[in-house]
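Chain and residue survey
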Amino acid sequence: MSDEADPTVIRSLAIHAGDVVAALEASEQGSETVLRVTPPFTGRMRARIHRVGPGGDTDGTDAETGAVHIPPDRLVEDSVPAYPRAVDTEPEGEYDVDAHHERHVEAVEEWREAVREHLVESVDLSMRDGPHRVDVAVLG
């Protein structure tokens, strides 16, 4: 395998914070979404948001393209709060649709900010021969 096709040459990944937030949120809503790094590989690479098709790999190397898929939940610390569900943001007392919507929008925005504050500094990429640790540089 040439270095350009070998993902173990990667030392660091540049990841946009907004892509991690969007991928996590999409995954929470049922759309398998990852951060993807595509060949040719070099020491420093950019991971971009990618929606995985039905039956696609969500972790590790895609056999068809050689791209590396990273689940977004591996790019945040364990202490990141859970994604707010509508039932969690229901107002107390008499129900009001507008108040509930406003509370939910606010809770989701707070969650997005919390995710941005809990991004990891390094991540293990899943390789055929075992994990390969790389540094993470957060953009935005």
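Everything below is about the structure printed above this text.
Residues numbered from 1 in each chain as written. Predicted model: local features only at pLDDT ≥ 70, side-chain atom pairs only at ≥ 80, totals over all residues. Heavy atoms only, no water.

What follows covers the overall build of the protein chain. Scanning the protein chain from terminus to terminus reveals 2 helices and 7 strands. Counting from the amino terminus, helix and strand elements in the protein chain follow one another as β-α-β-β-β-β-α-β-β. Its C-alpha atoms give the protein chain principal-axis dimensions of about 65 × 30 × 20 Å. Counting across all 140 residues of the protein chain, residues that qualify as buried make up 41%. In the protein chain, the share of contacts with a sequence separation of at least 24, taken over all contacts with a separation of at least 6, comes to 66%. Summing over all exposed atoms, the protein chain offers an accessible surface of approximately 8300 Å²; the carbon and sulfur share of this is 45%. (Helix = DSSP H or I, 4+ residues; strand = E, 2+ residues; numbered from the N terminus. Buried < 20%, exposed > 50% of the residue type's maximum accessible area, 1.4 Å probe, protein only. Contact = heavy atoms within 4.5 Å. Areas by Shrake-Rupley, 256 points an atom, 1.4 Å probe, with all protein chains shown as cover.)

What follows deals with the pairing of strand β7 (residues 130-139). Pairing between strand β1 (residues 12-16) and β7: 5 bridges, direction parallel. Bridge pairing in β7 links I15 to V138. The turn joining strand β6 (residues 122-127) and β7, which pair antiparallel and follow one another in sequence, is formed by 2 residues. (Pairing = 2+ DSSP bridges.)

Attention now goes to the pattern of salt bridges. Counted by the stated rule, this structure contains 6 salt bridges. The residue D19 makes a salt bridge to R46 at a minimum N-O spacing of 3.4 Å. Here the residue D19 occupies a position in helix α1 (residues 17-28), and R46 occupies one in strand β3 (residues 44-51), the gap between them amounting to 27 residues. We classify D19 as buried; its relative accessible area is 16%. When its relative accessible area of 27% is taken as the criterion, R46 is described as partly exposed. Across the pair R112 and E109 runs a salt bridge whose closest N-O atoms are separated by 3.3 Å. With a gap of 3 residues between them, R112 and E109 both fall in helix α2 (residues 97-117), about one helical turn apart. Look at the salt bridges and you will find they share partners, linking E25, E109 and R112 into a network. (Salt bridge = Lys/Arg side-chain N within 4 Å of Asp/Glu carboxyl O.)

Here the largest pocket defines a volume of roughly 150 Å³. Around the largest pocket sit 11 residues that line it, and D6, T8, M127, R128 and D129 are the ones nearest its centre. Looking at the lining of the largest pocket element by element, the count peaks at 3 residues for β7. Per-class residue counts for the lining of the largest pocket are 4 nonpolar, 4 polar and 3 charged. (1 Å grid on protein atoms, 1.4 Å probe; cavity = no way out; pocket = protein on both sides within 12 Å on 5 of 7 lines; lining within 4 Å. Points joined across faces, edges and corners; volume = space filled by probe spheres on them. Nonpolar A, V, L, I, M, F, W, Y, C, P; charged D, E, K, R; others polar.)

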